[in-house]
Amino acid sequence: MKYSGFIMLLFLFACKTQEGSQKLTEEQQVAQNFLDSFHTSYLKSYYEYNEAQWKSNTKIIEGDSTNAVNERKAGEAYSKFNGSSELINRARALLERKDMLTNLQVKQLEKILYNAANYAETAKDAVAARIKAETEQTAKLYGFNYTVDGKKVTTNDIDNMLKTETDVNKRLKVWNASKEVGKNLKPGLVKLRDLRNQVVKSLGYNDYFSYQVSDYGMTAEEMMDLCNKINRELYPLYRELHTYARYELAKKYGIAEVPDYLPAHWLPNRWGQDWSTMVEVKGINLDSVLKTKSAEWIVKEGENFYKSLGFAALPESFYTKSSLYPLPENANYKKNNHASAWHMDLQNDLRSLMSVEPNSEWFETVHHELGHIYYYISYTNDKVPPILREGANRAFHEAVGSMIGMAAMQKPFLQAKGLLPANTQSDDTQKLLQEALNYVVFIPFATGTMTGFEHDLYKNNLPADQFNKRWWELAKKYQGIVPPTNRGEEYTDAATKTHINDDAAQYYDYALSYVILFQLHDHIAKNLLKQDPHATNYYGNKEVGDFLKKLLSPGATGDWRKTLKEAVGSDLSAKAMVDYFNPVIDYLKKVNAGRKYTLPETL
């Protein structure tokens, strides 16, 4: 077969094998030449696109489209490279003889084709249109001016008000304000859905949801079955939490008649995905201590946690290049306030985008985001080719960050760090209830509402005039939550969640990550620390650090199922999570005695 242009250049590069000192066969050598040359161009294109996206997320200037235009151009170049027909044809040709290649080479070639499906040259017009639409949608979402009673507010302000305000009428104003951005997002979401589906179909995927799920080696149906299984396993506890929340919030807001379903504006989170601030654990008032600290101190403490486990210090460039803190009030631009970690060049340029403030939520978030950063550091090694510098699966990345975030909030650690007095007495049941109102409450939102909506959006081509109707049907079914007033199709409440727009059809990652996190935490607590999983202190334990390094350093070079089983001794299962929260069920059954349950006994 004859190849020209880009592919011919690939063959001219000298070989430097990623297979160690092992002598390669002729077929393997040809494949390795291709892969080494591919990575030279891939790394350059990857970094340029990331840098453009970084600027678009960290400096949004109303009326100035410079960053958006540059992001679109970089995206087009990145997509042109990854979706090249010559690249696709060469990878396919090599995979026709995959039985003669090494497993690592096959893994890389398959990943090249997976990535290509999102940028296929055969659908280049649709790819270009999708990139443009994504850029425009991001600008609309993060450039929106939120107001309450005519006063400009930030998303942090909205979140804080929903956690603290007790006047339900004021809560309704704040909640409504948080959803106004959705009115402008429906046309863009429809366009993105159609373009995303169109692009991946060119490489044989039925729809964008199926494409994203395939990265797990699963079909869309298998993923939905897995999500439903996890949801069912945790449902008995969620039903108790739902009943508890209805009655406790009615009491808090002075409402005599307890509603059958939770009004969305009653909850301390815009999407009802985290209710943990409903409970204040007596004896543990971390915010009162952290408010005396600086935001910079919070970030440094997160780094110190990982260093204590034996990880290296963060490079100085992390601090100089990241955007870690809220913008000054007089800033003439905006930024994306959603916390995220960035592996800019798949090598040593590591950054985080946050808006850290000195409180317990950001204390946990910093430990979580640095979990991603240290995952990047761990698999940036000679044994992991750049294209496989990812988590064992996407959920693994979130699991590691969430696990350290949870560990950083456990009492023995906080006491050892002097953030709580050594003689702190607290109600352990209330602490566990608070955690359940975070981790367990999140599951039906992630596996039911979000995943169900995106499944229907992409796989079932959900009509645009049913977006809001379907969103609230799912919220009622899985979360037992209803809107405070009628929400017609002029709203697009689903699109107020950032992931619907710019991290599409992957939200089950977070649910699976919680399952994995409790499996990992259970193993660490019981087998390495010899501690109660509810009361651990990872800090300073090098054995825990060694376990994590071994788990993280292979990246995506192996099968995630095997990686998990070798690490904890079992397949993916919510059992560890159910066991962790079992004590809460007995407590809630006593509290809820005599109360009306409105969710069905089984899901």
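Everything discussed here concerns the structure shown above.
All values derive from a computational prediction rather than experimental measurement.

**Focus on the overall build of the protein**
Helices and strands together make up the secondary structure of the protein, namely 24 helices and six strands. The C-alpha radius of gyration computed for the protein amounts to 24 Å, which stays within 12% of the reference 25 Å derived for 603 residues, consistent with globular compactness. Dimensions of the protein, computed from the C-alpha atoms along their principal axes, are close to 80 × 55 × 50 Å. In the protein, buried positions account for 58% of the 603 residues. Considering only contacts within the protein whose residues lie at least 6 apart along the sequence, 78% involve residues at least 24 apart. Looking at the protein as shown, the accessible area adds up to about 25100 Å², and 49% of this sits on carbon and sulfur atoms.

**Here we look at the nonpolar core**
Residues Leu241, Trp275, Phe363, Tyr538 and Phe581 are the most contacted members of the largest nonpolar core, which totals 196 residues. Among the elements that make up this core, the one with the highest residue count is helix 11 (residues 220-253) (16 residues).

**Describing unusual backbone geometry**
You will see that Ala505, though not glycine, has its phi angle at about 60°, which is positive. If you trace the backbone, Ala505 turns up in the loop between helix 20 (498-502) and helix 21 (508-529). Take Ala505: its relative accessible area is 0%, and that puts it in the buried class. At Lys530, a position not held by glycine, the phi torsion is positive, near 60°. Mapped onto the secondary structure, Lys530 falls in the loop between helix 21 and helix 22 (542-552). The exposure class assigned to Lys530 is exposed, which follows from its relative accessible area of 63%.

**Points about the packing of aromatic side chains**
Here the structure, examined in full by the defined rule, presents 44 aromatic pairs. Judged by centre distance (5.7 Å) and plane angle (50°), the rings of Tyr238 and Trp275 are tilted. Of the two residues, Tyr238 sits in helix 11 while Trp275 sits in the loop between strand 3 (262-263) and helix 12 (286-290), which places them 37 residues apart along the sequence. With respect to class, Tyr238 is no different from Trp275; both count as buried. Aromatic rings pair up to connect Tyr439, Phe442, Phe445, Phe453, Phe467, Trp471, Tyr507, Tyr510, Tyr514, Phe518, Tyr580 and Phe581 into one cluster.

The rules behind the values
Residues numbered from 1 in each chain as written. Predicted model: local features only at pLDDT ≥ 70, side-chain atom pairs only at ≥ 80, totals over all residues. Heavy atoms only, no water. Helix = DSSP H or I, 4+ residues; strand = E, 2+ residues; numbered from the N terminus. Rg over C-alpha atoms; globule rule 2.2 N^0.38 Å. Buried < 20%, exposed > 50% of the residue type's maximum accessible area, 1.4 Å probe, protein only. Contact = heavy atoms within 4.5 Å. Areas by Shrake-Rupley, 256 points an atom, 1.4 Å probe, with all protein chains shown as cover. Core = buried A, V, L, I, M, F, W, Y, C linked by side-chain atoms within 4.5 Å. Phe/Tyr/Trp six-rings, centres within 6.5 Å; stacked < 30°, edge-to-face > 60°.

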